[in-house]
Amino acid sequence: MPFFSVRDTNLALKTACYAACILLFLTSCQEVDTIKRELLAKVQGKLLKKKNPFVPRDGITIRNTPLFQTANPNSDVLYKLPAESTVHLVDRIGEFYRVRTPDGKEGYIETKVVGGEDIVQLTQNLRNSIEGIPPQAEGVLKTNANFRLQPGRNHEVIEKLPAGKKIELYERVVTVRTPAQSDKSSSRGKNSDDAEEQTPPDMLYDDVKKDVWYKVKIEDGRVGFIYTHNISLTPPEDIARQVPYMRIVAWRPITTTDDADLGSKNNYLVAYAPIGKDPGSDYTRLYLFSWSPRLKRRTISWQTKLSGILPITNYQAEGKPGFNVRYLHPTKKNKLVLAGFVLTKGTVKRISEEEIPNPSLLH
């Protein structure tokens with residue numbers, strides 16, 4: 001029978017106690033860690049339910065914008081993205097998107113310069129709408145101007161363009177101002193530095209206030225709408241003021257004439273409208289200004305009266321150059337007339353005509 005001293009017994013008890021304490025401690029730690037993990041999972045789950053997760057998608061830049069290195073406007077600029085650049089939106093961080101360009105570069109751009117699928121579709125439709133149509137006029141912005149993708153004061157301003165920017169003009173669109181818009185315009189008065197908020201005197205008719213917009217293409221290729229009062233047209237000097245009491249609306253070269261001294265000179269088809277009156281159309285008279293080698297200037301070789309709607313498009317028949325015009329039907333208010341003209345023997349001849357229903361084009 002083994003012999004154990006009191007001292008050995010005490011040591012064994014102490015060792016057993018230490019082992020029990022260590023085992024209890026380890027068990028407690030595991031339970032605490034388990035509880036922590038469970039609580040953390042519950043909290044994270046609730047937070048994820050409350051927060052809408054970002055869904056990656058494609059977007060388009062609505063104007064020129066810097067691509068930042070971080071989500072901070074003071075960070076380094078990697079490079080400038082042109083307007084209407086397609087980007088893939090990877091994530092959103094505050095007021096910035098983390099984006100990836102088609103060539104694989106990543107960076108951050110401000111959320112306010114990104115358009116969604118509706119903007120992508122709208123910009124594409126605008127580009128398609130002027131495809132194959134020659135510019136109807138040219139001009140420059142005489143003041144800062146709001147650039148919109150739809151005509152009307154209620155539509156979003158894509159960008160404020162600076163005075164002096166050159167533009168090409170394709171169509172005119174008239175919108176009727178609502179009473180609320182008219183009151184807002186009146187309250188601003190003549191001291192407003194935004195010409196779009198002022199109504200020119202020649203646009204107030206029969207107690208109905210109208211706004212006229214040009215569909216334009218700006219220098220970087222974007223297509224949109226600008227209020228006409230912000231635009232100064234820049235026609236050739238020798239046709240701008242040829243017709244008294246009329247304002248020039250559009251012009252475009254149709255043919256050319258060879259001058260032995262000056263070379264090739266353009267012959268212009270020019271549209272005019274009355275000053276201070278609302279004709280209910282874009283223009284009321286068409287003139288052909290032909291270059292005279294003998295007189296060394298352009299003279300009126302043909303003219304006609306009609307209530308025309310822009311744009312004036314290309315037309316050709318029997319190998320002869322010409323143009324198509326749309327104008328209001330003289331008696332049928334819900335129809336337009338599409339007429340084709342050709343230039344022959346120094347004058348203009350109408351060779352086709354058909355009715356087309358399209359009340360949306362009427363003013």
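For the structure, see preceding data.
Residues numbered from 1 in each chain as written. Predicted model: local features only at pLDDT ≥ 70, side-chain atom pairs only at ≥ 80, totals over all residues. Heavy atoms only, no water.

1. Examining the pattern of salt bridges
So, step 1. Under the counting rule described, the total for this entry stands at 19 salt bridges.
So, step 2. One salt bridge connects Lys-217 with Glu-168, and the closest N-O pair in it is separated by 3.8 Å. Here Lys-217 is found in strand 13 (residues 208–218), whereas its partner Glu-168 is found in strand 11 (residues 166–176), with 49 residues between them in sequence.
So, step 3. Judged by its relative accessible area of 24%, Glu-168 falls in the partly exposed class.
So, step 4. Notably, a salt bridge pairs Asp-261 with Lys-296, separated by 2.8 Å at the nearest N-O pair. One end of the pair, Asp-261, is in the loop between strand 16 (246–259) and strand 17 (263–274); the other, Lys-296, is in the loop between strand 18 (283–292) and strand 19 (297–317), with 35 residues separating them in the sequence.
So, step 5. Take Lys-296: its relative accessible area is 34%, and that puts it in the partly exposed class.
So, step 6. Salt bridges here are not isolated pairs; linked through shared partners, they connect Arg-98, Arg-100 and Glu-106. (Salt bridge = Lys/Arg side-chain N within 4 Å of Asp/Glu carboxyl O. Helix = DSSP H or I, 4+ residues; strand = E, 2+ residues; numbered from the N terminus. Buried < 20%, exposed > 50% of the residue type's maximum accessible area, 1.4 Å probe, protein only.)

2. Considerations on the sheet that holds strand 21 (residues 335–344)
So, step 1. Across the sheet, seven strands lie side by side as 16-17-18-19-20-21-22; this open sheet has antiparallel pairing. Edge positions in the open sheet fall to strand 16 and strand 22 (347–357), since each of these has one partner strand only. Between one strand axis and the next, the sheet turns by 35° as a mean value, whatever way the strands run.
So, step 2. Strand direction decides the pairing type here: strand 21 and strand 22, joined by ten bridges, are antiparallel. If you follow Lys-335 over to strand 22, its bridge partner there is Pro-357. (Pairing = 2+ DSSP bridges. Axes fitted to C-alpha atoms, helices over the stretch in contact; angles between N-to-C directions.)

3. Observations concerning the pairing of strand 1 (residues 57–61)
So, step 1. Here strand 1 runs beside strand 4 (residues 86–93); their pairing, made up of four bridges, is antiparallel. By the bridge assignment for strand 4, Arg-57 is matched with Leu-89.
So, step 2. The sheet contact formed by strand 1 and strand 7 (residues 114–115) spans two bridges and is antiparallel. Pairing of Ile-60 across the sheet is with Gly-115, part of strand 7.

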